[in-house]
Each structure stands twice: as C-alpha cells, then as structure tokens.
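Chain by chain, the residues:
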Amino acid sequence: MLDLKSMTLEEMTSQFTDFGEPAFRGKQVFHWLHRGVTSFEDMSNLSKELREKLEANCFITAPQVERKQVSRQDGTVKYLWRLRDGNCVETVLMRYHHGNTVCISSQVGCRMGCAFCASTIGGKVRDLTPAEMLDQVLFTQLDSGELISNIVLMGIGEPLDNFDTVMRFLELVNHPEGLNIGMRHISLSTCGLTEKIDKLAQYKLQLTLSVSLHAPDDETRSKIMPVNRSVGVERLFESCRRYFEITGRRISYEYAMIDGVNDHDWQADLLVKYLKGTPGHVNLIPLNEVEESSLHPSRRIREFQKRLEKQGVTVTVRRKLGGDIDASCGQLRRKRMEEKTQ
Ligand code: SAH
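Residues numbered from 1 in each chain as written. Predicted model: local features only at pLDDT ≥ 70, side-chain atom pairs only at ≥ 80, totals over all residues. Heavy atoms only, no water.

**Student:** Lay out the overall build of the protein chain in plain terms, naming residues and giving numbers.
**Tutor:** Along the backbone of the protein chain there are 12 helices and 14 strands. Computed over its C-alpha atoms, the radius of gyration of the protein chain comes to 21 Å, within 12% of the 20 Å expected for a compact globule of 342 residues. Expressed as lengths along the three principal axes of its C-alpha atoms, the size of the protein chain is roughly 70 × 50 × 35 Å. Counting the 342 residues in the protein chain, one finds 55% classified as buried. (Helix = DSSP H or I, 4+ residues; strand = E, 2+ residues; numbered from the N terminus. Rg over C-alpha atoms; globule rule 2.2 N^0.38 Å. Buried < 20%, exposed > 50% of the residue type's maximum accessible area, 1.4 Å probe, protein only.)

This is the structure in structure tokens:
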C-alpha cells in the first residue's frame with residue numbers, strides 16, 4: 001500500500017503517470033491530502049473509477065485524538081494522537097501574539113537519553129513518517145479551527161536522528177500548493193548531532209536552528225546529555241560556528257535551568273566565552289519537573305540571565321505555557337503508557 005501523503009508533488013505526479021492517469025491528477029490529490037481529507041471517497045473531482053483504484057492501492061494517514069487537554073491558564077492545547085499502528089505521539093498548540101505555533105514530534109520515543117526529559121524514558125520505538133509529521137500540523141489545525149503560522153520541531157524525538165524524513169516534511173509543509181508555511185516560521189531543535197548539523201547547513205534553509213545546550217562544560221553536559229560523551233562542547237560549538245558561517249542564520253541555544261547542576265556563575269561565564277564570536281541567542285527554560293527524575297528547577301534564573309546580559313549575550317526566558325496540562329513533551333505519552341501497563 002502506498003503512503004501518498006509522504007510523497008513530494010513531483011513524486012505524486014509521476015506516480016499518477018504510472019497509474020496511467022494524467023499528471024494533474026497527482027496535483028489534485030496533493031491538494032486534497034494537504035487539506036486533511038481522510039478518504040478517497042471525498043475527492044470529488046476524481047472519477048469513481050480512479051477513487052476505487054486509489055482505495056485499493058493507497059492509504060491515507062489520519063491520526064485519532066487519543067487524548068486532548070486544554071489549559072485553563074492560557075489556552076494551550078495538548079494532543080495525544082494515536083497513529084495507524086497504535087503508537088502515540090504528542091503535539092502542542094500554543095497561542096502567542098505573533099500567531100499560533102505547533103510543537104510537533106519527529107519520532108515515537110527518543111534514544112538520546114537526556115536525564116531531564118520524559119520522552120526518552122522508554123527509548124525510541126520508531127521514526128515517524130513525513131505524513132505523520134505533516135498530520136500533526138494538519139489535524140491540529142482542523143481539530144482546533146485555528147490557523148497555524150509557526151512550527152517548532154521540539155516535541156518527542158530527535159529531528160536530526162530522523163534526518164531524511166524531517167527534510168521531506170519541511171519540503172511538504174513549506175510547499176506553495178500545500179500549507180505553505182515559510183521556513184522563517186519554522187524552528188528545528190537538536191540535542192547537538194554535529195555531523196547532522198553540518199549536513200543541514202548545506203541545505204542553507206532559512207529556518208531557525210535551536211541547539212539544546214543545557215551546560216557549557218563537558219562534565220555537566222555529559223552527565224545530563226549522553227550525546228555529549230562522544231562529541232563534547234568544544235566540537236559542538238565548532239559545528240555551530242560553521243553552521244552560522246554557511247547559512248548566515250543565528251543559532252538559538254536552549255538552556256533548561258536545573259537546580260545546582262547548570263546554574264552556577266562560572267557556567268554563565270564559560271557560556272559567554274563560547275558565544276564570543278558566534279552570533280547566537282540564549283533561551284533560558286524553567287525546567288519542567290518530570291516525576292521519574294531527581295532534577296529540580298533552578299532558583300537562580302534571573303541571576304544567571306543578568307550575568308549573561310552584563311557580558312553582552314542576548315537572553316530570553318521562556319514563558320511557561322500549559323503548566324496545568326503536562327505540556328512539556330513526552331509526559332502525556334508516558335502517563336498513558338503507565339496506565340496501559342497497570
Ligand atoms: N531532541 C530535540 C528536540 C526535542 S526536546 C532536542 O533535544 O532539542 C525539545 C526541548 O525541550 C529541548 O531543548 C529539550 O532539552 C527540552 N526539554 C526536555 N525536557 C525538558 C524538561 N523537563 N524541562 C525543560 N526543557 C526540557
């Protein structure tokens with residue numbers, strides 16, 4: 001069975017030529033799929049014969065809402081979607097002044113093992129497909145009735161560990177015949193896979209690259225992020241510098257503030273040292289407490305922020321949204337997995 005929604009427009013038109021149909025039929029189907037139509041039956045500009053042929057040879061992905069939570073504090077909506085094979089992933093819809101943003105997942109689970117993150121606890125189950133990534137945007141838009149203008153790849157999974165799928169997803173979601181969401185409205189967050197950062201740089205995309213740094217020294221970073229053990233902070237920054245030189249795009253460094261772990265003055269100073277000469281911006285994140293972890297939110301966010309700012313670094317502190325609905329990614333999926341095993 002063919003997953004038509006994961007195809008690019010070019011692939012779709014050549015597929016329809018193979019079916020013995022004119023190429024423009026491919027474009028018509030591309031339009032329907034990118035509007036979130038869930039059955040060939042509904043594709044009213046196709047002949048009955050063609051619809052039946054598609055029904056017999058292809059499938060259309062359509063995630064089901066397994067759970068949905070709406071924050072009473074700020075209207076943030078969190079979806080737990082059930083995929084075709086029964087696996088679940090999360091998507092969060094956040095409302096900002098500059099427009100609605102969705103935070104989407106790239107894998108079922110994650111194999112990166114960060115100590116503070118709920119998504120990685122059960123390891124990686126599988127990669128998502130391009131259609132399953134696109135569906136999170138399409139179906140969040142359809143279910144909520146809200147137009148989505150921004151996307152962050154900051155949900156469950158490591159996007160650069162599912163590189164080809166993510167590149168294809170970007171092409172699909174950015175396509176003028178599809179949702180047409182501009183690259184400048186998309187952020188991709190990585191735990192710092194340096195070879196993949198170098199590879200991404202070659203595409204010279206206008207998206208924002210966010211690097212989850214969380215500590216500027218190898219001892220701390222390797223403790224909380226196993227990915228650091230093979231590469232190290234020095235090489236990570238070298239790769240970030242190359243990324244900036246090639247793309248001209250400033251990197252945003254994410255830094256989740258953890259009590260007594262990465263919130264010391266000397267760490268702020270070391271961070272400043274690394275950022276000298278590489279235009280970038282630091283986003284301090286209040287740690288979301290994860291039940292299974294012994295790490296706690298820092299009480300020094302303001303001090304840390306001031307220390308960075310005094311030394312010329314641009315810093316923002318992430319506003320906490322959806323605090324009442326487990327909105328930090330991975331937590332809702334975790335809860336459901338626990339319920340299922342009880
Ligand atoms: N794998 C990618 C994207 C998913 S995680 C990455 O590592 O960047 C998205 C962001 O949420 C990352 O910066 C991650 O470190 C952060 N994060 C994960 N768990 C968190 C928690 N409990 N509190 C605050 N931020 C967290």
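**Student:** Got a sec to walk through the pattern of salt bridges? Specific residues and values, please.
**Tutor:** Pairing between side chains of opposite charge can happen when the charged atoms of each approach one another. Under the counting rule described, the total for this entry stands at 19 salt bridges. Among the ionic pairs, Asp127 bridges to Lys124, the shortest N-O distance being 3.1 Å. On the accessibility criterion, Lys124 (31% relative accessible area) is partly exposed. For Asp269, the salt bridge is made with Arg307, and the minimal N-O distance between the two is 2.9 Å. Here the residue Asp269 occupies a position in helix H10 (residues 265-275), and Arg307 occupies one in helix H11 (residues 301-310), the gap between them amounting to 38 residues. (Salt bridge = Lys/Arg side-chain N within 4 Å of Asp/Glu carboxyl O.)

**Student:** Provide a residue-level description of the site of the ligand, including the pertinent values.
**Tutor:** Among the 18 residues in the neighbourhood of the ligand, the closest are listed as Phe116, Ser189, Ser212, His214 and Asn288. At 3.4 Å from an oxygen atom of the ligand is found a main-chain nitrogen or oxygen belonging to Thr190. If the ligand stood free it would expose 530 Å²; the protein chains cover 91% of that surface. Only strand E10 (186-190) and strand E12 (251-257) provide two or more residues apiece to the shell around the ligand. Taken together, the residues of the shell around the ligand sort by class into nine nonpolar, seven polar and two charged. (Near = heavy atom within 4 Å. Polar contact = N/O pair within 3.5 Å; in protein donor to acceptor, adjacent residues only side chain to side chain. Areas by Shrake-Rupley, 256 points an atom, 1.4 Å probe, with all protein chains shown as cover. Nonpolar A, V, L, I, M, F, W, Y, C, P; charged D, E, K, R; others polar.)

**Student:** Hey, could you go over the packing of helix H5 (residues 163-174) against helix H6 (residues 194-201) for me, with residue numbers and the actual values?
**Tutor:** Across the interface, H5 lies against H6 with an axial gap of 12 Å and an inter-helix angle of 30°. What the angle tells us is that H5 and H6 run roughly parallel. Seen along the crossing, H5 lies across H6 with a hand that is right-handed. From H5, Phe163, Asp164 and Met167 reach across to H6, where they touch Lys196, Lys199 and Leu200. Residues that form the contact of H5 with H6 fall into these classes: three nonpolar, no polar and three charged. (Axes fitted to C-alpha atoms, helices over the stretch in contact; angles between N-to-C directions. Parallel < 35°, antiparallel > 145°, perpendicular 65-115°, else oblique. Left-handed = near helix turned anticlockwise from the far one by under 90°. Contact = heavy atoms within 4.5 Å.)

**Student:** Break down unusual backbone geometry for me, with residues and values.
**Tutor:** At Lys204, a residue that is not glycine, the phi angle is positive and equals roughly 50°. For Lys204, the location among the structural elements is in the loop between H6 and strand E11 (208-212). Phi is positive for His214, which is not a glycine, with a value near 65°. Position of His214 relative to the elements: it lies in the loop between E11 and helix H7 (218-224).

**Student:** So what's going on with empty space enclosed by the protein? Which residues, and what values?
**Tutor:** For the structure shown, the criterion picks out two cavities of 30 Å³ or more. Looking at the largest cavity, its volume works out to about 60 Å³. Of the residues assigned to the lining of the largest cavity, the class counts are three nonpolar, one polar and three charged. Counted as a void, the second largest cavity has a volume near 30 Å³. Forming the walls of the second largest cavity are Gly192, Arg221, Val227, Asn228, Val231, Gly232 and Leu236. In the lining of the second largest cavity, the residues fall into three nonpolar, three polar and one charged. (1 Å grid on protein atoms, 1.4 Å probe; cavity = no way out; pocket = protein on both sides within 12 Å on 5 of 7 lines; lining within 4 Å. Points joined across faces, edges and corners; volume = space filled by probe spheres on them.)

**Student:** Break down the side chain of Asp161 for me, citing the residues and quoting the values.
**Tutor:** Relative to the elements of secondary structure, Asp161 occurs in the loop between strand E9 (150-153) and H5. The exposure class assigned to Asp161 is buried, which follows from its relative accessible area of 14%. Here the side chain of Asp161 touches Gln107 through a polar contact of 3.0 Å, side chain to side chain. With residues near it in sequence (within four places) discarded, Asp161 still touches Gln107, Arg111, Met112, Lys124, Asp127 and Leu193.

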